[in-house]
Amino acid sequence: MSKKLSGKTALITGASAGIGWASALALAEEGANLVLTGRRDERLQELRKLAEEAGAGGVATVAGDAQQEQIAKSCVDTAIAQYGALDILINNVGIGIYKDLIETSLQDYDDMVDSNVKSTFLFTRHAVPHMIDQKAGTILMISSMAGLYGFAGEAVYCATKFAQVGFAQALDRELRPIGIKVGVICPGGVKTEFALGTGRTTEGVAASGMLEPGDVAQAVLLACTQSASSRIIEIQMRTMNESLA
Ligand SMILES: NC(=O)c1ccc[n+]([C@@H]2O[C@H](COP(=O)([O-])OP(=O)(O)OC[C@H]3O[C@@H](n4cnc5c(N)ncnc54)[C@H](OP(=O)(O)O)[C@@H]3O)[C@@H](O)[C@H]2O)c1
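Turning our eyes to something else, we now look at the overall build of the chain. Scanning the chain from N- to C-terminus turns up seven helices and seven strands. In terms of C-alpha radius of gyration, the chain reaches 17 Å, essentially the compact-globule figure of 18 Å for 245 residues. Taking all 245 residues of the chain together, the buried fraction comes to 50%. Contacts in the chain between residues far apart in sequence, at least 24 positions, make up 69% of those at least 6 positions apart. Working note: accessible area of the chain is about 11400 Å², and carbon and sulfur atoms make up 52% of it. Here the chain contributes 21 positively and 27 negatively charged side chains, and the mean placements of these two sets differ by 6 Å.

Okay, here's the thing in structure tokens:
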């Protein structure tokens, strides 16, 4: 039986944990070739094995910091060199340092902006020329509900996630006429390592009714497997357990 993403190549940032990890496995099950990146190479090697077992066409890894242009370029070059194309880019890498504004340092600001916004720019900037040549491609930003609504204690994080939404909306208008689909996935809280020690605790996350990373991965897969005539612009996701104010 042919799989939905056989012959397609996907680059996933922040693949060594959480939503990126789960998305890699979801795309692997549909036969995609994968280029996986994150800083922890041992995690990428573990994921490579699991993705191959799950059915990936091929798996390449590039370990490094997503804030560095050379890493973005190297990931895109790897996709083209090994698989001949780059069909899907998942801009997933991101960090959250949850603090009230008066506790937020310039270093916190730089870390969040560079991890969440600069990386999104860099990977997209290097991927798009190839997608323009192909006249096709799908680019997704893993933004957040914090990219659509402001939350107390998360002002800078929210600013970075709103930035991803604006970037995607603008690129949708710029690139859709060429055949490239650009969209955002906006989950509420997800049970991952994210923000542990910078606003969340392991116990708090375990006790929460947050989304599972696999829930978000299924939304990523949906957005990557639309027909040629359809594009997903935005998906909002929230847990069934949220308390309504
Ligand atoms: N968890 C939530 O509640 C939630 C909700 C809505 C949206 N999101 C968004 O979802 C995305 C993924 O979050 P997650 O929950 O899956 O987080 P996670 O489990 O903490 O994973 C984050 C990933 O990003 C990588 N990463 C972080 N900084 C990096 C850097 N400078 N260079 C390269 N890789 C880096 C980490 O790998 P290394 O440490 O190995 O580099 C890891 O693979 C983020 O953009 C986040 O804003 C999360």
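Glancing now at the environment of Asp 114. Within the secondary structure, Asp 114 is located in helix 4 (residues 106–134). Exposure remark for Asp 114: the relative accessible area of 23% places this residue in the partly exposed category. Asp 114 sits 112 residues away from Gln 226 along the chain, and the two C-alpha atoms are 31 Å apart. Beyond its immediate chain neighbours, meaning those up to four positions away, Asp 114 contacts Gln 67 and Ser 119.

Pairing is parallel across the open sheet formed by seven strands, whose spatial order is 3-2-1-4-5-6-7. On the outer flanks of this sheet lie strand 3 (59–63) and strand 7 (234–237), each paired with one strand and no other. In this sheet, adjacent strand axes meet at a mean angle of 15° when their direction is disregarded. Where strand 5 (residues 137–142) and strand 6 (residues 180–187) come together, six bridges link them in parallel fashion. Residue pairing across strands places Leu 140 opposite Gly 183, the latter belonging to strand 6. Relative to the sheet, helix 2 (residues 41–54) contacts strand 2 (33–38) and strand 3, its axis offset from that of strand 3 by approximately 170°.

As for its placement among the helices and strands, Glu 154 is situated in the loop between strand 5 and helix 5 (155–175). Leaving out residues up to four positions away in the same chain, Glu 154 has contacts with Tyr 98, Lys 99 and Ala 146.

Considered as a void within the structure, the largest pocket measures approximately 1000 Å³ in volume. What lines the largest pocket is a set of 48 residues, and nearest its centre among them are Gly 94, Ile 95, Thr 192, Phe 194 and Ala 195. Elements with a minimum of two residues in the lining of the largest pocket: helix 1 (18–29), helix 4 and helix 5. The biggest single contributor to the lining of the largest pocket is helix 1, with three residues.

With that settled, the discussion passes to the site of the ligand. The local shell around the ligand holds 30 residues, among which Ser 16, Arg 39, Tyr 157, Thr 192 and Arg 200 are the closest. Listed by contribution, the elements that provide at least two residues to the shell around the ligand are helix 1 and helix 5. Looking at the shell around the ligand, its residues break down into eleven nonpolar, 13 polar and six charged.

Of note, Asp 172 is situated in helix 5. Along the backbone, Asp 172 and Arg 231 are 59 residues apart, and their C-alpha atoms lie at a distance of 9.7 Å. In this view, Asp 172 contacts Pro 177, Val 182 and Arg 231; residues no more than four positions away in its chain are not counted.

Bringing the environment of Glu 46 into the picture now. Structurally, Glu 46 can be placed in helix 2. Residue classification places Glu 46 among the partly exposed positions, given a relative accessible area of 42%. With 30 residues separating them along the chain, Glu 46 and Ser 16 place their C-alpha atoms 8.8 Å apart.

This part takes up the pairing of strand 5. Judged by how many residues are buried, strand 5 sits mostly within the fold: six of six residues are covered. Residues of strand 5 alternate between two faces, with Gly 137, Ile 139 and Met 141 on one and Thr 138, Leu 140 and Ile 142 on the opposite face, all of them buried. Across four bridges, the pairing between strand 4 (residues 88–91) and strand 5 is parallel. Residue pairing for strand 5: Ile 90 is matched across the bridge by Leu 140. Of the crossover connections in this fold, the one passing from strand 4 over helix 4 to the parallel strand 5 is right-handed. Where the polypeptide runs from strand 5 across helix 5 and back to strand 6, its parallel neighbour, the crossover connection is right-handed.

What counts as what
- Residues numbered from 1 in each chain as written.
- Predicted model: local features only at pLDDT ≥ 70, side-chain atom pairs only at ≥ 80, totals over all residues.
- Heavy atoms only, no water.
- Helix = DSSP H or I, 4+ residues; strand = E, 2+ residues; numbered from the N terminus.
- Rg over C-alpha atoms; globule rule 2.2 N^0.38 Å.
- Buried < 20%, exposed > 50% of the residue type's maximum accessible area, 1.4 Å probe, protein only.
- Contact = heavy atoms within 4.5 Å.
- Areas by Shrake-Rupley, 256 points an atom, 1.4 Å probe, with all protein chains shown as cover.
- Lys, Arg positive; Asp, Glu negative; His and termini not counted.
- Charge placed at Lys NZ, Arg CZ, Asp CG, Glu CD.
- Pairing = 2+ DSSP bridges.
- Axes fitted to C-alpha atoms, helices over the stretch in contact; angles between N-to-C directions.
- 1 Å grid on protein atoms, 1.4 Å probe; cavity = no way out; pocket = protein on both sides within 12 Å on 5 of 7 lines; lining within 4 Å.
- Points joined across faces, edges and corners; volume = space filled by probe spheres on them.
- Near = heavy atom within 4 Å.
- Nonpolar A, V, L, I, M, F, W, Y, C, P; charged D, E, K, R; others polar.
- Right-handed = clockwise from strand over helix to strand, strands pointing away.

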